[in-house]
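Structural features, examined
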Amino acid sequence: MMQIGVIGLGRMGANIVRRLMHYGHECVVFNRTPDKVRQLEGEGATAATSLDDFVNLLAKPRVVWVMLPAGDVTEETIATLAEKLEPGDIVIDGGNSYYKDDVRRAKLINTKGINYVDVGTSGGVWGLERGYCLMIGGKPEVVSYLDPIFKSLAPGTGDIPKTPGREDLRSTAEMGYLHCGSYGAGHFVKMVHNGVEYALMQAYAEGFDIFRNAYSEELGEDYRYDLDVADIAEVWRRGSVVGSWLLDLTAMALAENPTLSNYSGYVQDSGEGRWTIIAAIEEAVPTDVLSAALYTRFRSRQEHTFAEKILSAMRYKFGGHVEQHS
C-alpha cells in the first residue's frame with residue numbers, strides 16, 4: 001500500500017481517490033474548492049488546506065497525482081509543485097494534457113531531480129466501479145515503483161478472456177494499464193484513443209439518425225419504417241459485431257428517453273481530437289473519418305454556418321432553388 005497526494009477533486013479526481021482508498025492506499029487531498037476536500041476527508045482521506053500543507057503531509061519520496069483540466073491550471077500547478085517538491089519526488093499528470101507539453105515539463109522538473117509521469121486516464125464517471133484504463137509514459141523504474149497505484153486503479157482481468165495468441169505473453173495490458181513509453185507516450189496513446197472515440201461515437205450517431213428518419217414523408221410509403229431505436233440499440237448489444245460500451249451507454253440513454261429531447265445536440269470536444277489530427281498531419285497519415293468526426297462536433301455548436309449560406313446562395317443562383325424553412 002502507498003501514500004499518494006491528489007490535487008483536483010472533480011468527478012474523476014474524487015473517484016480516483018475513492019478507488020485508491022478502497023484498495024487500502026492512504027490519500028492526501030487538496031482542491032481549490034474546500035467543500036470537495038471536506039467531503040473526501042469525511043470518507044477517510046487526509047485533508048490539506050494549502051499546497052504547502054499538502055506537500056508537508058506527504059512522506060518522502062512524495063507521489064503527487066494532478067487531476068486538473070489540460071492547459072494553464074495544470075501548467076501552473078505543476079510549476080508551483082516543482083518549487084516545493086524535492087529530488088526523488090514524483091509528479092503524475094493524470095489529466096488530458098497535450099503530449100508535447102509532457103515532454104517539456106518532464107525536462108523542466110527533471111533538472112530539479114523530480115520525476116515526471118504522464119497517465120492517460122479513461123473511464124469517466126464509471127471508473128470508480130469499473131476501474132480506469134491507464135496509458136502511462138515515463139521512466140521504467142519510476143513507473144514500476146508506482147505499480148501498486150496503477151494496479152488498484154485499473155479494472156484488472158475481470159471476466160474478459162485472454163486474446164487468442166497472447167496466452168503465453170506477460171503484460172499489464174491485460175490488467176487494464178500499460179507503460180507505453182517515455183515522457184508523453186501515455187498521453188499520446190490517450191490522445192489517439194479519444195480521436196478514435198470521436199469517430200466511433202459519430203458512426204453510431206449517424207446510424208441511429210438514419211433509423212430516426214426512416215419514416216420520413218419524403219420516402220415512398222413502401223419504404224417507410226417506424227423503427228424503435230431503443231430496441232435496435234438493445235438488440236445490437238447482444239451478439240452483434242458492433243457491440244461496445246459506447247453502444248451500451250447509447251442503449252441506456254434511449255431507454256430513458258427515446259426522443260432524446262433532454263439533449264440539445266451541442267457537442268463539445270476536449271482537445272484530444274484536435275491534437276490527434278495535428279499528429280496525423282505531422283506524420284502524413286490520412287485520417288478521413290477521425291477528421292470528419294471532429295468537424296461534426298464543431299458544426300453541432302452552430303445554428304447555421306456561413307458556408308451553408310454560401311451553398312444556399314449558389315443553389316439559388318444556378319438553379320433557382322429556394323430555401324425551405326421549417
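Residues numbered from 1 in each chain as written. Predicted model: local features only at pLDDT ≥ 70, side-chain atom pairs only at ≥ 80, totals over all residues. Heavy atoms only, no water.

Remark: the empty space left among the atoms is shown by a probe the size of a water molecule rolled over them. Here the second largest pocket is characterised by a volume of approximately 490 Å³. Lining the second largest pocket are 21 residues; nearest its centre among them are Gly156, Ile160, Ala173, Glu174 and Gly176. When contributions to the lining of the second largest pocket are tallied by element, the ones reaching two or more residues are strand S7 (133-137) and strand S8 (177-181). Looking at the lining of the second largest pocket, the element that brings in the most residues is S7, giving three residues. Partitioned by chemical class, the residues of the lining of the second largest pocket number 11 nonpolar, five polar and five charged. (1 Å grid on protein atoms, 1.4 Å probe; cavity = no way out; pocket = protein on both sides within 12 Å on 5 of 7 lines; lining within 4 Å. Points joined across faces, edges and corners; volume = space filled by probe spheres on them. Helix = DSSP H or I, 4+ residues; strand = E, 2+ residues; numbered from the N terminus. Nonpolar A, V, L, I, M, F, W, Y, C, P; charged D, E, K, R; others polar.)

Counting through the fold element by element, Gln3 comes out in strand S1 (residues 3-7). At 3.2 Å, the side chain of Gln3 and the backbone oxygen of Leu57 are in polar contact. Side-chain polar atoms of Gln3 contact the backbone nitrogen of Ala59, separated by 2.7 Å. Apart from the residues within four sequence positions on either side, Gln3 is in contact with Glu26, Val28, Leu57, Leu58, Ala59 and Val63. (Polar contact = N/O pair within 3.5 Å; in protein donor to acceptor, adjacent residues only side chain to side chain. Contact = heavy atoms within 4.5 Å.)

Quick look at the environment of Arg301 now. Checked against the element boundaries, Arg301 lands in the loop between helix H13 (288-299) and helix H14 (306-319). A relative accessible area of 23% places Arg301 in the partly exposed class. Along the chain, Arg301 and Gln268 lie 33 residues apart, while their C-alpha atoms are 7.9 Å from each other. Contacts of Arg301, omitting those with residues within four sequence positions, involve Tyr266, Val267, Gln268, Asp269 and Arg274. A polar side-chain atom of Arg301 sits 3.4 Å from a polar atom in the side chain of Gln268. Among the polar contacts made by the side chain of Arg301, one reaches the main-chain carbonyl oxygen of Arg297 at a distance of 3.2 Å. (Buried < 20%, exposed > 50% of the residue type's maximum accessible area, 1.4 Å probe, protein only.)

Further remarks concern helix H12 (residues 272-283). Relative to the 16 Å expected for 12 residues at 1.5 Å per residue, H12 spans 16 Å between its end C-alpha atoms, a close match to the ideal helical length. At its buried positions, H12 is contacted by helix H9 (185-212) and H13. The positive-phi residue at the C-terminal boundary of H12 is Ala284, with phi of around 60°. (Expected span 1.5 Å × (residues − 1).)

Strand order across the open sheet formed by eight strands is S3-S2-S1-S4-S5-S6-S7-S8, with mixed pairing between neighbours. Every interior strand has two partners, whereas the edge strands, strand S3 (46-47) and S8, have only one. Its contacts with the sheet place helix H5 (residues 99-110) against strand S5 (90-93) and strand S6 (115-122), and it is angled at close to 150° to S6. (Pairing = 2+ DSSP bridges. Axes fitted to C-alpha atoms, helices over the stretch in contact; angles between N-to-C directions.)

Our focus in this paragraph is the packing of aromatic side chains. Tallied over the full model, the rule gives nine aromatic pairs. Taking the centre distance of 6.1 Å and the plane angle of 45° together, the rings of Tyr295 and Phe298 count as tilted. On the criterion of helical spacing, the pair formed by Tyr295 and Phe298 is a turn pair, its members being three residues apart in helix H13. Classification of Tyr295 by relative accessible area gives partly exposed; the value is 49%. One aromatic cluster is present, formed by Tyr98, Tyr99, Phe188 and Trp275 through successive ring pairs. (Phe/Tyr/Trp six-rings, centres within 6.5 Å; stacked < 30°, edge-to-face > 60°.)

To continue, consider the environment of Ser291. Position of Ser291 among the secondary structure elements: in helix H13. Judged by its relative accessible area of 12%, Ser291 falls in the buried class. Along the primary structure Ser291 and Gly195 are separated by 96 residues, whereas in three dimensions their C-alpha atoms are 8.5 Å apart. Among the polar contacts made by the side chain of Ser291, one reaches the main-chain carbonyl oxygen of Thr287 at a distance of 2.8 Å.

Quick look at the pairing of strand S4 (residues 63-66) now. Residues Val63 and Trp65 of S4 are buried on one face, and the alternating residues Val64 and Val66, pointing to the opposite face, are buried as well. Bridge analysis of S4 against S5 gives four bridges, and the strand direction is parallel. Residue pairing across strands places Val64 opposite Val91, the latter belonging to S5. Handedness of the β-α-β unit built from S4, helix H4 (residues 72-84) and S5 comes out right-handed. (Right-handed = clockwise from strand over helix to strand, strands pointing away.)

Once that is clear, we can look at the nonpolar core. Counting residues in each nonpolar core, the largest one holds 32 residues, and the members touching the most others are Val17, Trp65, Val117, Leu146, Ile149 and Phe150. Top contributing element to this core by residue count: helix H1 (residues 11-22), with five residues. Non-local contacts of Phe150, meaning those with residues more than four positions away in its chain, are made with Trp65, Val117, Val119, Leu134, Ile136, Val143 and Tyr177. One finds Ile7, Val28, Ala48 and Val91 within the second-largest nonpolar core, a separate group that totals 20 residues. (Core = buried A, V, L, I, M, F, W, Y, C linked by side-chain atoms within 4.5 Å.)

On to H1. Taking 1.5 Å per residue as the helical rise, H1 with its 12 residues ought to reach 16 Å, and the 17 Å between its terminal C-alpha atoms agrees with that figure. Within the span of H1, buried status applies to Gly13, Ala14, Asn15, Ile16, Val17, Arg19, Leu20 and Met21. Just downstream of H1 lies Gly24, where phi reads positive at about 95°.

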